[in-house]
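Overview (structure and organization)
Here is what each chain is made of, one letter per residue.
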Amino acid sequence: MTSTDTHKDVAILMGSQSDWPVMRSAAEKLAALGIGYDARVLSAHRSPEKLRAFAMGASAAGFKVIIAGAGGAAHLPGVTASMTLLPVLGVPIAGKVLDGQDALYSIVQMPSGIPVGCLGIGAAGAANAALLAAAILALEDKALHERLQAFRQAMSEASPDLPSGQV
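Residues numbered from 1 in each chain as written. Predicted model: local features only at pLDDT ≥ 70, side-chain atom pairs only at ≥ 80, totals over all residues. Heavy atoms only, no water.

1. What about the pattern of salt bridges?
Applying the stated criterion across every chain yields a total of 2 salt bridges. As a salt-bridge pair, Asp9 and Lys64 come within 3.7 Å of each other at their nearest N and O atoms. With a gap of 55 residues between them, Asp9 in the segment before β1 (10–14) and Lys64 in the loop between α2 (48–57) and β3 (65–71) connect regions that are remote in the sequence. Among the ionic pairs, Arg40 bridges to Asp38, the shortest N-O distance being 2.8 Å. Residue classification places Arg40 among the partly exposed positions, given a relative accessible area of 33%. (Salt bridge = Lys/Arg side-chain N within 4 Å of Asp/Glu carboxyl O. Helix = DSSP H or I, 4+ residues; strand = E, 2+ residues; numbered from the N terminus. Buried < 20%, exposed > 50% of the residue type's maximum accessible area, 1.4 Å probe, protein only.)

2. Comments concerning helix α5 (residues 123–138)
Look at α5: 22 Å from first C-alpha to last across 16 residues, which is about the 22 Å you get at 1.5 Å a residue. Listed as buried for α5 are Gly125, Ala126, Ala127, Ala129, Ala130, Leu131, Ala133, Ala134, Leu137 and Ala138. Looking at the buried residues of α5, the elements they touch are β1, α1 (20–32), β3, β4 (88–93) and α6 (142–158). (Expected span 1.5 Å × (residues − 1). Contact = heavy atoms within 4.5 Å.)

3. What about the pairing of strand β2 (residues 37–41)?
Relative to β2, β1 is paired through 5 bridges, and the arrangement is parallel. Within the sheet, the bridge partner assigned to Leu13 lies in β2 and is Arg40. (Pairing = 2+ DSSP bridges.)

4. Re the sheet that holds β4
The parallel open sheet is built from 5 strands, whose spatial order is β2-β1-β3-β4-β5. Of all strands in the sheet, those bounded by a partner on one side alone are β2 and β5 (117–118). With 6 bridges joining them, β3 and β4 adopt parallel strand pairing. Paired with Ala70 across the strands is Pro92, a residue of β4. Across the face of the sheet, α1 comes into contact with β1, β2, β3 and β4 while running at roughly 170 degrees to β1. (Axes fitted to C-alpha atoms, helices over the stretch in contact; angles between N-to-C directions.)

5. Description of the nonpolar core
One finds Val10, Ile12, Met23, Leu30, Ile35 and Ile67 to be the most contacted residues of the largest nonpolar core, which totals 29 residues. At 8 residues, α5 tops the list of elements feeding residues into this core. Sequence-distant contacts of Val10, defined by excluding residues within four places in its chain, comprise Leu30, Ile35, Gly36, Tyr37, Asp38, Phe63, Val65, Ile67, Ala133 and Leu137. Counting 19 residues, the second largest nonpolar core, distinct from the first, contains Phe63, Ala68, Leu76 and Ala81. (Core = buried A, V, L, I, M, F, W, Y, C linked by side-chain atoms within 4.5 Å.)

6. Some thoughts on the packing of α1 against α5
The contact between α1 and α5 brings their axes to 7 Å, and the two run at 30 degrees. With respect to α5, the element α1 is oriented roughly parallel. Crossing hand, α1 versus α5: right-handed. In this structure, α1 contributes Val22, Met23, Ser25, Ala26, Lys29 and Leu30 to the contact, and α5 contributes Ala123, Ala126, Ala127, Ala130 and Leu131. Counted by class, the contact of α1 with α5 contains 9 nonpolar, 1 polar and 1 charged residues. (Parallel < 35°, antiparallel > 145°, perpendicular 65-115°, else oblique. Left-handed = near helix turned anticlockwise from the far one by under 90°. Nonpolar A, V, L, I, M, F, W, Y, C, P; charged D, E, K, R; others polar.)

7. What to know about the packing of aromatic side chains
Aromatic rings considered in pairs are described by the distance between their centres and by the relative angle of their planes. The tally for this structure, following the rule as stated, stands at 1 aromatic pair. Seen in terms of ring centroids, Phe54 and Phe63 are 5.5 Å apart; in terms of plane orientation they differ by 55 degrees. Their pairing is tilted. (Phe/Tyr/Trp six-rings, centres within 6.5 Å; stacked < 30°, edge-to-face > 60°.)

So this is what it looks like as structure tokens:
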């Protein structure tokens, strides 16, 4: 799964294919802002060597930010962050037990020295991870900064000042 853009600044990682419905929210926000991405299934538990190769080569491959979503023990964001200097944004994904709180605690409680930015549980967290990645990239990309500013302005304009149905 990749965007149609040939230059991909953001990697979207997920621990399993079942995480895609949540992580798709990140992909959709990135695509809407014109940010190239590459989405991959890489498990810290089932495919650690593939994850290691990806994380250690991500910067050289041109990625600038990594968004990593996982449920349960949610080791993917932390393990990824331990193998790259790129910013890693973690998205906890609700599983069958604890509604994603286990993943949230796993991602947010990283040991000192290996930072992971932790977003909210689920699709809203994935969308916000994409927007945070966009803000990071916009620090050095004026055109993206303008697109992000336009996105925020449109969101503001779409927000009603009064409740609907008010008399």
